[in-house]
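Breakdown of the fold
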Amino acid sequence: MALCARGWALCARGLRLGALPRPGLCGTRGVRSSNPFTRQQEEEWRRRNRSAVGYIAAAAVGMVGLSYAAVPLYRLYCQATGLGGTAGAGRGAERIERMEPVRDRVIRVTFNADTHASMQWNFKPQQSEIYVVPGETALAFYKAKNPTDKPVIGISTYNVVPFEAGQYFNKIQCFCFEEQRLNPQEEVDMPVFFYIDPEFAEDPKMAKVDLITLSYTFFEAKEGQKLPLPGYQ
């Protein structure tokens, strides 16, 4: 009776695994499972599943890395090409020394200052406009003050209007994309040293452009803060 009961239990186990018992199997000694999935196959499936999970995890990490790298890489590309109204990076001391000012092409440069809604600084340009010619360096200043009773760290973005002029507007020194810490009631002057490339005067698309606006926007620097892409804020 005990052997028969054991045999029926094994038969029932085989049915649960999705296999049909062979005739005469129940009630005999030496009963073996009729499960068609061998241990070797199960181990192979487990190995493949682990590999698939590894690939998915690696892809997820890669996507996160690309998302964090996208803005800095786009920023560098914009600064190199002037895309989206972003002023280009300085072209080097030799380039500046060899520039010839285009005296008959006077350009009015105006300055704008904004702060994000959550930013408590007072921020403004110290001059409303200056007149420059292509190939000539110029210096302008912004002023920032922290009127609160606690330290605040700010970071700024900028753009140039019209956007097409951004490729010719080169900043030698500025405070953009760098964290600026102001203590309570502290006030600082922020210089912008720049020039307009002499090639500006040779570009037919710039023939009617005699006004350029440089704009800065300050944000409070917080963990996880995402700055808008240059030229599209």
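Residues numbered from 1 in each chain as written. Predicted model: local features only at pLDDT ≥ 70, side-chain atom pairs only at ≥ 80, totals over all residues. Heavy atoms only, no water.

Right, let's talk about the sheet that holds strand β10 (residues 211-220) for a bit. If you walk across this open sheet you meet the five strands as β4-β2-β10-β6-β8, and the pairing is mixed. At either margin of the open sheet sits one strand with a lone partner, and together these are β4 (129-132) and β8 (180-182). Here the average twist between neighbouring strands, direction ignored, is 30 degrees. Sheet topology places strand β6 (residues 152-161) next to β10; eight bridges connect them, and they run antiparallel. By the bridge assignment, Val161 is partnered in β10 with Thr213. (Pairing = 2+ DSSP bridges. Helix = DSSP H or I, 4+ residues; strand = E, 2+ residues; numbered from the N terminus. Axes fitted to C-alpha atoms, helices over the stretch in contact; angles between N-to-C directions.)

Below, the discussion takes up the confidence of the model for the protein chain. Mean pLDDT over the protein chain works out to 75, with 57% of the residues at or above the 70 mark. In this model, residues 1-5 is a region of pLDDT below 50 whose contacts with residues beyond four sequence positions or in other chains number two contacts. When the criterion is pLDDT under 50, residues 7-33 qualifies, and its contacts beyond four places in sequence or with other chains add up to 20 contacts. (pLDDT = per-residue confidence, 0-100. Contact = heavy atoms within 4.5 Å.)

Quick look at the packing of aromatic side chains now. Geometry of an aromatic ring pair is reported as the spacing of the ring centres plus the angle between the planes. Evaluated as defined, the whole model comprises 13 aromatic pairs. When the ring of Trp121 is compared with that of Phe218, the centres are 5.0 Å apart and the planes differ by 55 degrees; the resulting orientation is tilted. Pair noted here: Trp121 is in the loop between β2 (107-115) and β3 (122-125) and Phe218 is in strand β10, with a separation of 97 residues, a long-range link. One exposure class covers both Trp121 and Phe218, and it is buried. Counting every residue linked through ring pairs, the aromatic cluster contains Phe111, Trp121, Phe123, Tyr142, Tyr158, Phe169, Phe175, Phe194, Tyr216 and Phe218. Looking at Lys171, its charged tip hangs above the ring of Tyr158, at a distance of 4.0 Å from the centre. (Phe/Tyr/Trp six-rings, centres within 6.5 Å; stacked < 30°, edge-to-face > 60°. Buried < 20%, exposed > 50% of the residue type's maximum accessible area, 1.4 Å probe, protein only. Lys NZ or Arg CZ within 6 Å of the ring centre and 35° of its normal.)

With respect to the helices and strands, the residue Gln126 is situated in the loop between β3 and β4. With sequence-adjacent residues up to four places away left out, Gln126 is seen in contact with Phe141, Tyr142, Lys143 and Asp189. A polar side-chain atom of Gln126 sits 2.6 Å from a polar atom in the side chain of Asp189. (Polar contact = N/O pair within 3.5 Å; in protein donor to acceptor, adjacent residues only side chain to side chain.)

This brings us to the nonpolar core. Val109, Tyr142, Phe194, Ile196, Phe200, Ile212 and Tyr216 are the most contacted members of the largest nonpolar core, which totals 35 residues. Every element with two or more residues in this core is listed here: β2, β4, β5 (137-145), β6, β9 (187-196) and β10. Ignoring anything within four residues of it in the chain, the contact list for Val109 reads Ser128, Glu129, Ile130, Val132, Phe169, Phe194, Ile196 and Ile212. (Core = buried A, V, L, I, M, F, W, Y, C linked by side-chain atoms within 4.5 Å.)

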